[in-house]
Amino acid sequence: MMLLERRGQLELMARALRLARDGHGSQVLVSGPLGSGRSALLHAVPIEGMLVLRAGGALLEQDHAFGVVRQLFDPVLADAGPEARTEWLTGAAGVVFTDDVTDDVPETALQGLTALIELISADEPVLLLIDDLQWVDDPSLRWLTRLARRLETMRVLVVATVREGDAGADRPLVTDLRSCSADVVRPAPLSAAAVATLIREHTGRNPAADLVGACHQASGGNPMFVTAMVPELTDADSVPTLRPAQLRDRLGHCLRAQTDAVRAFARATAVLGERTDVELIGHLAGLDSIGRSAAMRTLHRLGLLAAPGSPAFTHVVVRDAVEASMAVPEREELAVRAVRLLHDAGHPAEQVAALLLGTTARHDTWAIEVLRSAADVAMRRGSAETAARYLRRALLEASPDGEDRARLLVDLAIAERRFDAASSVRHICYAVPLIRSVRDRAAAVVHIAPTQLVPSAGPVRELIEQIARDLGDPVELTGGDRELALWLEARLRYLPQPGAAHLADSVHRLGEAVEQNLLETSAGRELILVLLREVMLAVGAPAAEVAKLGGMVLDREPAAATHVHTAVPLAVLSLVAADSLTQVEGWLDLALDRARGQQLVVEQALIRAEQALVYAHGGRAEEARDAASEALDLVALDWGGGNLTAAAALAGVALELRDTGLAARLLALWPAGEEHTCEAAIRRMVQGLTLDRDDERALEYFTESGRLLDRGGWRNPVLFSWRLTAALLSSRTGDLDTALALAHEARDQAVAWGAPSGIGRALRTLGQLTPGNEGVELLREAAAVLEDSGHRLEHAKSVLRLATRLRDDGEPAVELFHQAGELARRAGAAWLIGDTSGERDHVVTLTKSEERVARMAVAGHTNQEIAGLLRVTTRAVEKHLTSCFRKLHIRRRSELSAALALHAPMTARNV
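Thresholds, definitions, all that
- Residues numbered from 1 in each chain as written.
- Predicted model: local features only at pLDDT ≥ 70, side-chain atom pairs only at ≥ 80, totals over all residues.
- Heavy atoms only, no water.
- Helix = DSSP H or I, 4+ residues; strand = E, 2+ residues; numbered from the N terminus.
- Rg over C-alpha atoms; globule rule 2.2 N^0.38 Å.
- Buried < 20%, exposed > 50% of the residue type's maximum accessible area, 1.4 Å probe, protein only.
- Areas by Shrake-Rupley, 256 points an atom, 1.4 Å probe, with all protein chains shown as cover.
- Lys, Arg positive; Asp, Glu negative; His and termini not counted.
- Charge placed at Lys NZ, Arg CZ, Asp CG, Glu CD.
- Phe/Tyr/Trp six-rings, centres within 6.5 Å; stacked < 30°, edge-to-face > 60°.
- Pairing = 2+ DSSP bridges.
- Salt bridge = Lys/Arg side-chain N within 4 Å of Asp/Glu carboxyl O.
- Core = buried A, V, L, I, M, F, W, Y, C linked by side-chain atoms within 4.5 Å.
- Contact = heavy atoms within 4.5 Å.
- Right-handed = clockwise from strand over helix to strand, strands pointing away.
- Axes fitted to C-alpha atoms, helices over the stretch in contact; angles between N-to-C directions.
- Parallel < 35°, antiparallel > 145°, perpendicular 65-115°, else oblique.
- Nonpolar A, V, L, I, M, F, W, Y, C, P; charged D, E, K, R; others polar.
- Left-handed = near helix turned anticlockwise from the far one by under 90°.

Some words on the overall build of the protein
Part 1 of the argument: When you go through the protein residue by residue, the secondary structure sums to 45 helices and 5 strands.
Part 2 of the argument: The C-alpha radius of gyration computed for the protein amounts to 40 Å, which surpasses the reference 29 Å derived for 911 residues by more than 25%, pointing to a less compact arrangement than a globule.
Part 3 of the argument: With the principal axes as the frame, the protein shows a C-alpha extent of 125 × 75 × 35 Å.
Part 4 of the argument: Counting all 911 residues of the protein, 55% fall into the buried class.
Part 5 of the argument: Surface summary for the protein: the accessible area is close to 38,400 Å², and the carbon and sulfur share equals 50%.
Part 6 of the argument: Taken as two groups, the 99 positive and 122 negative side-chain charges of the protein have centres that lie 3 Å from each other.

This is how it looks when you write it as structure tokens:
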């Protein structure tokens, strides 16, 4: 390692060396905490013109009498001639070099050693370098103290190091020797500039300022800490969590050398935590106030505690070293005692629970209550996963088949539904058989939100059906029992029961629910939302009625961040399908603000997914992409559980915007495994979207998706309108009859539903496929319908399609092209159309090479990789991409996928 910022100390030693050569010897002591660079400084002492004798103390060799003296003199004896060696060994000092030497040697032996070093220095000045005085044996220390008192008239310099805080450093013999030192050197911590130099030496490049600052702060400038951390540095954020194994081992070795009291305090601190009152730590360590204070002083002097009166370790790796020094049974026994100590002292539940997590021993029932209380606190601050850990530990304390276990399982399920819907449902199912009361069983089951149920969950359906039968007919129930019955009904009706009779029943039950004023109860609103979803998907009522009723529900629901774990997202889907976006947009904005204020990451992701769908159906393409991207960046969505609604919303965004990049990202995150009908249908559509240049295969995917959606009762023409895409794909593959049939079906469904966006898109597709004036009139009608719909992007696309058709027929279309351009810009989709200043400049035309390069860039290839695959220069790739950016009116590579998604329709593929 480079020796940095030690010039003053080295100059001091150089002066001492010059004086020693002139017969004025002295002793220099290098003192400092663990890792401060004492040994490095010792090795850097200039030795020119000196006979160097080296030795080092060792913890396990303290009982070896004159061990350090032998280290100093043995090499000299080995190199001396036979006569000199015989003379030295037969003199007064000879007894020191025998195998059976003991601590009890005559004073003449020490005098003989001093005479011996004086004799050696007569021929050549001597430099004694001694490391770790704190571990030097007592006889050697006695002689070194005697020598130090005579150095002033000798050609001898002694440079020794001692580690501050070590128990051995406070021995009387070491204290006596230290008092004889002419100079005491204490290496200062390294500055940030020195830390930067060390990082640069290791990496070969200048480090970022934030990385240097983080490393300097975490290490405190301690050279040992810095050098251990440098090889593992990646970025500033990771520095506080670095745990170099080499550093941990060095710290462990230091701890083993300390007294029982010091080790006990360090271990108690590691178990209880650094924020615990020092008196409590001392109590766990078995120390009184005097012993506690002494232990803290020692640990601070060693550089292991940040401050003399604080139990805070200087670095996380110090805690690791302390933990590693304890055997598993010892750690368990100490943790059990600590748990009881904290509990009896009335400490916060989470502090006690955190310790309980690390123990396996059974406790009394108080442990369950502590863990449940801690879980409640964690849930209130939005940390559901932490709450779940507490509750899983509490299950170890519970009876195997009692209601106490059932209550814990229900609490665990409530926490898990925020991040693991499948486990949440499973734990409710485990809890129900342990609950005696029918009412309590029903209360447990309703913690499963309707959106957590998947159609394949047969056992769950049977469980809910049985509880509903046991509870009784909702009509005959009152009060809380009636609410429970409605909640159970909502869950049963969410599970698919295809068929016209079921749809008619849902429509009838929805009317009943409104007449019975169920809007005014939480359970009633949930039932209405489930029924509304069924009616919306199957087009069992006009869009206007669905929008009105969905809005009434939303008016009565608070815009809570946690609405994503209830049935409320069904209202968002229904309102989007009905083109009723204004109310839901403001409601979601408020919910997102609350999620951010409470730092609820999962909830933020799910709300952003809902917003993305709203923006996409409102024609706000860029906002939709930003929201979808943020949702995916925040958290990986659970397609098969409680987040299916949000994940399906993101799929809807990709399909709505024809965004192949978003589609590819969704597919990459889509877990393998069994899929239910609707999930499989959505996946087929997303897969078909990515096959932009393979019309036949894409058509197969969309057709299969359509069959699955029809089987599941999903016929809504706004959400996942597969028929329109299949119609255009059929046309491009030469099957115009099938294309027209699908387009007519889509129009009929859209008219029956009544949402302007669905009608307008269906008319546009039908007009695109219909030749002559009839097709033109259909396109005009599409533009007129969409003009008042609020769907800017769909309106822009319809006007553009009409303008293109008129131009191709030789009719004037300049004004329409201008109008399409303005609409596209207002929708945040300027790349939809190029320069609209003239009839012939309205279409974005990419060359085949440009389009090939652009699509490879969207697929994630770098410019260099594209150049290699196409066997062209990187300069050629850059020119193609620059041309694409200019033609598509975009500025960043990240916008390329979206622009290409709408480039294909403009070049006579499909809009």
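After that view of the structure, there is still more to cover.
Concerning the packing of aromatic side chains
Part 1 of the argument: Inspection of the entire model under this criterion finds 3 aromatic pairs.
Part 2 of the argument: Seen from their ring centres, F73 and F97 are 6.0 Å apart, and the 80 degrees between their planes marks the pair as edge-to-face. On the criterion of sequence distance, the pair formed by F73 in helix α3 (residues 67-79) and F97 in the loop between α4 (82-90) and α5 (107-123) is long-range, its members being 24 residues apart.
Part 3 of the argument: Since its relative accessible area comes to 1%, F73 is described here as buried.
Part 4 of the argument: Given a relative accessible area of 11%, F97 falls into the buried group.
Part 5 of the argument: These aromatic residues form a ring-pair network of at least three members: F73, F97 and W143.

Considerations on the pairing of strand β1 (residues 26-32)
Part 1 of the argument: For β1, a buried count of 7 out of 7 residues is recorded, marking the element as mostly surrounded by other parts of the structure.
Part 2 of the argument: Across the two faces of β1 the burial is the same, with S26, V28, V30 and G32 and Q27, L29 and S31 all buried.
Part 3 of the argument: Bridge count for β1 against strand β4 (residues 156-163) is 7 bridges, and the pairing is parallel. Bridging from a neighbouring strand, S26 pairs with L157 of β4.
Part 4 of the argument: Note that β1 and strand β5 (residues 183-185) share 3 bridges and pair parallel. Paired with V30 across the two strands is V185, which belongs to β5.

A look at unusual backbone geometry
Part 1 of the argument: With a phi angle near 55 degrees, V539 is a residue other than glycine that sits in the positive phi range.
Part 2 of the argument: Located in the positive-phi region is Q599, a residue other than glycine, with phi close to 55 degrees.
Part 3 of the argument: Within the secondary structure layout, Q599 lies in the loop between α29 (582-597) and α30 (601-617).

Some thoughts on the pattern of salt bridges
Part 1 of the argument: Taken as a whole, this structure holds 53 salt bridges when the rule is applied.
Part 2 of the argument: Taking the shortest distance from any N to any O, the salt bridge between R493 and E489 comes out at 2.9 Å. Of the two residues, R493 and E489 are both situated in helix α24 (residues 479-494); the distance of 4 residues between them amounts to about one turn of the helix. Across the pair, E489 and R493 agree in class, each one buried.
Part 3 of the argument: Residue R780 pairs with E777 through a salt bridge whose shortest N-O separation is 3.7 Å. With R780 and E777 both in helix α39 (residues 772-787) and 3 residues apart, this pair spans about one turn of that helix.
Part 4 of the argument: Classification of R780 as partly exposed rests on a relative accessible area of 39%.

Concerning the nonpolar core
Part 1 of the argument: With 220 residues, the main nonpolar core has L251, V653, F720 and W753 as its most contacted residues.
Part 2 of the argument: Here the element with the most residues in this core is helix α26 (residues 522-537); it accounts for 10 residues.
Part 3 of the argument: Apart from residues no more than four positions distant in its own chain, V653 is found in contact with A612, L613, A616, A624, A628 and L662.

Quick notes on the side chain of D579
Part 1 of the argument: If you trace the backbone, D579 turns up in the loop between α28 (568-577) and α29.
Part 2 of the argument: Although D579 is buried, it makes no salt bridge; R761 carries the closest opposite charge, 5.9 Å away.
Part 3 of the argument: Contacts of D579, omitting those with residues within four sequence positions, involve A755, P756 and S757.

Some points on the pairing of β4
Part 1 of the argument: With 8 of 8 residues buried, β4 is to be regarded as a mostly interior element.
Part 2 of the argument: Summarising the sheet, strand β3 (residues 126-131) and β4 pair through 5 bridges and their orientation is parallel. Opposite L128, over in β4, you have V158 as the bridge partner.
Part 3 of the argument: Where the polypeptide runs from β3 across helix α6 (residues 138-148) and back to β4, its parallel neighbour, the crossover connection is right-handed.

Points about the packing of helix α12 (residues 260-272) against helix α14 (residues 289-301)
Part 1 of the argument: Look at α12 against α14: their axes get within 9 Å of each other, and the N-to-C directions meet at 85 degrees. Taken together, the axes of α12 and α14 are roughly perpendicular relative to one another. Between α12 and α14, the residues in contact are A261, V262, F265 and A266 and R292, A295, M296, T298 and L299, respectively.
Part 2 of the argument: The residue makeup of the contact of α12 with α14, split by class, is 7 nonpolar, 1 polar and 1 charged.

Here's the deal with the environment of L77
Part 1 of the argument: You can see L77 is positioned in helix α3.
Part 2 of the argument: We classify L77 as buried; its relative accessible area is 7%.
Part 3 of the argument: With 11 residues separating them along the chain, L77 and W88 place their C-alpha atoms 8.4 Å apart.

Considerations on the sheet that holds β1
Part 1 of the argument: As summarised here, the arrangement of the 5 strands in space is β2-β3-β4-β1-β5, forming an open sheet in which the pairing is parallel. Two strands in the sheet have a free side with no partner beyond their single neighbour: β2 (51-56) and β5. On average, adjacent strands in this sheet sit at an angle of 15 degrees to one another, irrespective of strand direction.
Part 2 of the argument: When β2 meets β3, the two strands line up parallel, connected through 6 bridges. Among the inter-strand pairings, L51 is bridged to a residue of β3, identified as V126.
Part 3 of the argument: Against the sheet, helix α1 (residues 7-21) touches β1, β3, β4 and β5, its axis set at about 145 degrees to β4.
Part 4 of the argument: Those strands touched by α5 are β2, β3 and β4, and its axis lies near 130 degrees from that of β3.

Remarks on the side chain of S26
Part 1 of the argument: On the secondary structure map, S26 appears in strand β1.
Part 2 of the argument: Residue S26 is classed as buried on the basis of its relative accessible area of 14%.

Section: the packing of α5 against α6
Part 1 of the argument: Here α5 crosses α6 at 55 degrees, and the two axes come no closer than 10 Å. By the criterion of interaxial angle, the relationship of α5 to α6 is oblique. Every pair of crossing elements has a handedness; the one defined by α5 and α6 is right-handed. Across the interface between the two elements, E107, L110, Q111, L113, T114 and I117 of α5 pack against W143, R146 and L147 of α6.

Some points on α28
Part 1 of the argument: Of all 10 residues in α28, 10 are buried; the element is thus mostly enclosed.
Part 2 of the argument: Among the residues of α28, those classed as buried are V568, P569, L570, A571, V572, L573, S574, L575, V576 and A577.
Part 3 of the argument: Once α28 finishes, D579 follows within two positions and takes phi at roughly 60 degrees, a positive value.

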